[in-house]
Amino acid sequence: MDKPYPLRAAAVLAALALAACEKEPTTSEDRFLDGARGNAEIGIVLNSLERSLTLFQLGDPDERREIAFGASSSVTPVSFSIRGERAAVPLGNAASVALVDLRAQRIDRFFVMPQGNATGSAFADDTTVLAANFLDDYVGRFTAGQAGEAITQTVQVAPAPADIEVANGRALVISANLNESYVPIGNGIVTALDPRTLAVLGTVQTGGTNPNVGAMGPDGLLYVLNTGDYVGPSSVTIIDPQTLQAVQTVGGFPAGAGSITIDGRGMAYVSGYGFGTVVWNTATRTFVRGPQAALCAPVGPGGGCRGAYEAAADEDGNVYQVFFGAPAQNLPPRIFIYDADTFALADSLNAGQGPTAIDIREF
Amino acid sequence: MALAACAVLRAAPASAQYPAEVRGRVTEAGSGAAVAGARVEVVGGSLATVTAPDGGFALRGVLPGRRELRVTAFAHRERTVAVEAENGRTAWVAITLQPRVLALDPLAVRAERAAPGATTIGRAEIEASGAADVADVLRAVPGVTVTREGGPGAPARISIRGSSADQVLVLLDGAEVNNALTGDADLSTLPAGVVERVTVIPGAQSARYGGRALAGVVSVETRRPRGAELGVQGAMGSWGARSAGGSLGGAAPTRLGDATALASAEWRSARGDFRFEVPAFRGGGTAVRANGDAESLSLFAAAGLARGARELRARAEAFAVERGMPGPIGQPSPDARQEQHRIAAGLSARGPLLGLAWAMDADVQRQAAGYADPDPPLGSPYEDDVRATAAGIALSASGGAGAITLTGGGELRGVRFRSTMLAPGAPDGQTLGAAWLQGRWSGAAGGWALDVTPGARADWNTLLRGAALSPRVASVAARGRVALRGAVGGAFSPPSLADQFFHEGVLVRPNPALRPERVRLEVEGGIDLRDVPLGRAVLEAGFTAFRADVDDMILWFPDHQFVWSPQNFDVRRAGWEAAARARLPGGELGGSVSHAAVEYDSPALSGQVAYRPRWTAAAQGSARAAGFGVELRARWVGERRSAAGSELNLLPAHWLADAALTRGFRAGAWGGDARLEVQNLADASAAMLVDYPYPGRGWSLGLRLRREPRAPAVRRADTPNKEP
């Protein structure tokens, strides 16, 4: 027996509604970057072993997306930079840089260097990216819309450039200043470039050896982390990008510190795989949580410290810390979350394989 | 005259010789019981086999003509029967043996009984396949994955049931050829031209073969002198591939026994400059592989002396290869080169003494390899070398009474090595000792022929603490065309010296604390169907399932400082293999499917271990008509994860299909065949390793000529051939 007309109409309407729902995923993908209801922040994690970028909503951490960079073992990314809704991911030994559309969750283009190791990167503007070649000691420049994929505009900088920060129209290239055996030649060097022409504007030595990363503070100063020899204490050198003067070198950071991020309040989060994360106030230049009280997830009930690759804070000051994982000790990679007020370990999230960097922002 | 020429031309294809197959069953006169373990050999040749629990046997690669089979079995009188081996066909023969009640002369069991579930590929099949090396020979064996790093002549390594390459023991006439430092074997250094047969024995086999036989054993036997022969062959193909070789053999009766000798040489060369598709993120399009050339030379000589059940055999082999190391396509190494040399000699003796059957194998081997890159894309220039000298001796004795046979043996092996790749203070040698005992009970119950083989082996190694004890029990129950197999056992594979002691470098570090990999309990079961008639076809099929978890599998992983080093991980490993082959009038069809789940057993890592395909498959078909042969082979490798603990960045699955056209011919005392082959027929993009592409479509043309003694005049067989 045929269904009565109202029921048939209802069925048609239901089918139309379902059809509309089928289009929803596309809309959902577009809206993923807007964050969860009540919390617009997105966490971005670089999974070096998985060769991917993982995005998750802080308000709903199970909502996550992954962007893979390819199966080649020469793809060894360890850092990324973001501007607007684009991310630049240097691919390490693959000597190339992936330009990622975060909203579409796809790789727009790859830009390639002839050889070497692509490490740090920074956006000079919305479409121009600078990338450092750690092995061949140069910085290359490319634009999102350029005709070919080759990075041809380059400038030689101090040996082993590892990171780039851009501030006030200047690109600040942090070189570890290592020889071919990866042994420090001397203190680290920051080379200032004009990002439009790649002209060298000047250089300044950092106050320590083997700097691999830096971060801009809200005070407009560059904070360079001198990792050192992994045995002695690390240090942070504060550099004025305009005068290219080293304002101060602050010692006392734990040995082997490898990452520094600074939030909008001026809190610096310095992380290392031997100690976790220390919190340092750039305004007062004092530790909020020093080496003796570093934020660190315990290995087990007996204590011990899992260490951290990098940490970043959300708007409320909660600290998200990436733990690389230690499979030989059956410790999986995790993102550990510390309370903003007490810095107590509050929660943890799945981190994918080999997380080495994290950023948190709204889009 | 013209008529005569036409007659010769027309006759040539008709007289083309294809190897025949002889199958049959050996039973006991009077009782009709199957005689298991009987040795069946072709008189005057090297072909031999041992009967299965149901008494069945198969001899492949038999030269067409009237042949005599000598059958010897424990507690039975020796018998020789004649059989007609027809051109390219299968002959069937039923053989009865008279039981022998008295105390027996010792049995001469020259070839060790292949383990249940083993796959043997004989000389005729190897020659017919056009294989260049053992890697090519093994590419379609169920459960086996061969990973070649590029085109012709490139290094190639084996995985069995998802194993690492150094968990497979590769033997050349019983002597280990696994690299003394890395533990794996490069199958491209074993040229097919010197191989008599290759046997793949999957599973935990340390109970008989010792360390490294954790996932299986590849036993390569070099050519045995067959008598007077003269052969030459040559080939050419894509990417500058060239080869030429020849063999010369002779036989003569002497006062001490029948003496035979064989010598062969083969040269191969290839430019390896094939075109490949560049991945999109590397710019896309196509490019030509550079520095992929290879040139090798193989020399082989063997001599034998046989008298009754006593046999003495000596062999010497030398191999050298010089080739480029092109590196990953993302970081090509245009100047990296490697050269490898191996020189080996062996002496084997078999015969009865003091009521036991004895076997002795001694070998000495020297391997040298050099690796150099004056301008590497990453890091500093290097020039490394590895030199290893090994000598070993193995002795075994076998005897029994009634249904029970006992075989025991011992091995002693010393290895000395020197390498610039090892850190100062690394050991410069090791001594290995082993003792093993294997029993065998054969009987019958409820109409089933039963065969149970328990065994155990203890291994000592100066680089390991304590002894490793590996037990195994295998059993077969056969009835009619069906055989059921089962086995339980354990195995181990020691960490490689390279993993433990290589020179520490930037972001890589050796791990001297590595523990041996162990399969503590492997459970395997299977079923085989033989000679099942299906219309005009005859079917063979087999199915095997296994579970063989690996404790402390050695895999590379970075630590929290992103320093890569080898570490121990527990891994769950289970799977199955199914294979079937149908022999048809004038052709053959076959195929196999394998599944191997190799998954991390760790809270930190999950899923399939990187680079292990869960699924592999192969299919092949051949047809013969009017002197022509057509072959089609296809291999499928499922997708593989390329990062530990992640399902992202998978390597895609691929199909590779090859086709060949052969034409046999004979002119007087000379016979031979021509072979035109197209590799990668569909021009598919494929790679087993990321950034190491396989070549696209290519071709090769080969020609073989062989002068052999004429087959003896045909006489009626005293035991008529008949189909069962």
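This is a predicted model, so every value here is computed, not measured. (Residues numbered from 1 in each chain as written. Chains lettered and ligands numbered in written order. Predicted model: local features only at pLDDT ≥ 70, side-chain atom pairs only at ≥ 80, totals over all residues.)

## Focus on the overall build of chain A
Within chain A, the regular secondary structure consists of 2 helices and 30 strands. Expected size for 363 residues packed as a compact globule is a radius of gyration near 21 Å; at 22 Å, chain A falls within 12% of this value. With the C-alpha coordinates aligned to their principal axes, the bounding extent of chain A is approximately 90 × 55 × 40 Å. Out of the 363 residues in chain A, the part that is buried amounts to 50%. Long-range contacts, defined here as pairs at least 24 residues apart, represent 44% of the contacts in chain A between residues at least 6 apart. (Helix = DSSP H or I, 4+ residues; strand = E, 2+ residues; numbered from the N terminus. Rg over C-alpha atoms; globule rule 2.2 N^0.38 Å. Buried ≥ 20, exposed ≤ 12 C-beta atoms within 10 Å, placed from the backbone. Contact = placed C-beta atoms within 7 Å.)

## Observations regarding the overall build of chain B
Across its full length, chain B carries 5 helices and 43 strands. A globule of 724 residues ought to have a C-alpha radius of gyration of about 27 Å, and chain B, at 25 Å, matches this closely. Relative to its full complement of 724 residues, chain B shows a buried share of 46%. A separation threshold of at least 6 residues defines the contact pool for chain B, and within that pool the share at least 24 residues apart is 63%.

## Let's talk about the sheet that holds strand β14 (residues 216-222) of chain B
All names here are of chain B. Spatial strand order, β8-β13-β14-β11-β12: 5 strands in an open sheet with mixed pairing. Of all strands in the sheet, those with a lone pairing partner are β8 (119-122) and β12 (175-176), marking the two edges. Inspection of the sheet shows strand β11 (residues 168-172) paired to β14 by 5 bridges, in the parallel sense. Its bridge partner being in β14, Leu-172 is matched across the sheet by Val-220. (Pairing = 2+ DSSP bridges.)

## What about the nonpolar core?
Of all hydrophobic cores here, the largest spans 102 residues; its most connected members are Val-89 and Val-173 of chain A. The contacts of Val-89 of chain A, once residues within four sequence positions are left out, are Leu-53, Phe-69, Pro-77, Phe-80, Val-97, Ala-98 and Val-100 of chain A. If you look at the next biggest cluster of nonpolar residues, it comprises 85 residues, including Leu-138, Val-168, Leu-605 and Ala-643 of chain B. (Core = buried A, V, L, I, M, F, W, Y, C linked by C-beta atoms within 7 Å.)

## Focus: the pairing of strand β28 (residues 467-479) of chain B
All names here are of chain B. The pairing of strand β27 (residues 448-461) with β28 spans 12 bridges and is antiparallel. Within the sheet, the bridge partner assigned to Asp-459 lies in β28 and is Ala-468. In this structure, the hairpin formed by β27 and β28 is closed by a connection of 5 residues, where Gly-466 is found at a positive phi of approximately 75°. Two strands pair when backbone bridges link them, and β28 and strand β29 (residues 482-493) are joined in this way by 8 bridges, in the antiparallel orientation. Across the sheet, Ser-475 pairs through a bridge with Gly-486, a residue of β29.

## What about the sheet that holds strand β18 (residues 234-240) of chain A?
Residue and element names in this part refer to chain A. Ordered by their spatial adjacency, 4 strands build an open sheet running β16-β17-β18-β19, and the pairing between neighbours is antiparallel. Every interior strand has two partners, whereas the edge strands, β16 (211-216) and β19 (245-253), have only one. Mean inter-strand twist for the sheet, computed between neighbouring axes without regard to direction, equals 25°. (Axes fitted to C-alpha atoms, helices over the stretch in contact; angles between N-to-C directions.)

## Quick notes on the interface of chain A and chain B
The partner chain B presents 33 residues to the 34 residues of chain A that form the contact. Residue assignment for the side of chain A that touches chain B shows that the elements contributing at least two residues are β3 (60-68) and β7 (106-112) of chain A.

## A word on the pairing of strand β28 (residues 334-338) of chain A
All names here are of chain A. A large share of β28 lies buried, amounting to 5 of its 5 residues. Alternating residues of β28 divide into Arg-334, Phe-336 and Tyr-338 and Ile-335 and Ile-337, and every residue in both groups is buried. The pairing of strand β27 (residues 319-323) with β28 spans 5 bridges and is antiparallel. Counted as the bridge partner of Gln-321 is Phe-336 from β28. Summarising the sheet, β28 and strand β29 (residues 345-350) pair through 5 bridges and their orientation is antiparallel. Among the inter-strand pairings, Ile-335 is bridged to a residue of β29, identified as Leu-349. With antiparallel pairing between neighbouring strands as the criterion, β28 and β29 make up a hairpin whose turn holds 6 residues, including Phe-343 at a positive phi of roughly 60°.

## Considerations on the environment of Ala-344 of chain A
Residue and element names in this part refer to chain A. Considering the arrangement of structural elements, one finds Ala-344 in the loop between β28 and β29. The sequence separation of Ala-344 and Ala-87 amounts to 257 residues, and the corresponding C-alpha distance is 31 Å. Look past the residues within four positions of Ala-344 in its chain and what remains in contact with it is Tyr-338 and Asp-339.

## With respect to the confidence of the model for chain B
All names here are of chain B. This prediction gives chain B a mean pLDDT of 88; 93% of its residues lie at or above 70. Note that pLDDT drops below 50 for residues 1-16; the model gives that stretch 11 contacts with residues more than four away or on any other chain. Across the whole predicted complex the pTM is 0.84, and at the interface the ipTM reaches 0.84. (pLDDT = per-residue confidence, 0-100.)

## A short note on the confidence of the model for chain A
Across chain A, the average pLDDT comes to 91, with 92% of residues at 70 or higher. Within the model, pLDDT remains below 50 along residues 1-26 of chain A, and this stretch shows 1 contact once partners closer than five positions in the same chain are excluded.

## Here we look at unusual backbone geometry
It is generally the case that most residues other than glycine have a negative phi and that most peptide bonds are trans. Phi at Asn-210 of chain A takes a positive value of approximately 60°, unusual for a residue other than glycine. In this fold, Asn-210 of chain A is placed in the loop between β15 (200-209) and β16.

## Digging into the environment of Glu-599 of chain B
Residue and element names in this part refer to chain B. Residue position: Glu-599 is located in strand β34 (residues 587-600). For Glu-599, a count of 19 C-beta atoms within 10 Å puts it in the partly exposed group. Note: C-alpha distance between Glu-599 and Ala-653 (54 residues apart in sequence) is 19 Å. Once residues lying within four places of it in the same chain are set aside, the contact partners of Glu-599 are Val-571, Arg-572, Gly-607, Gln-608 and Val-609.

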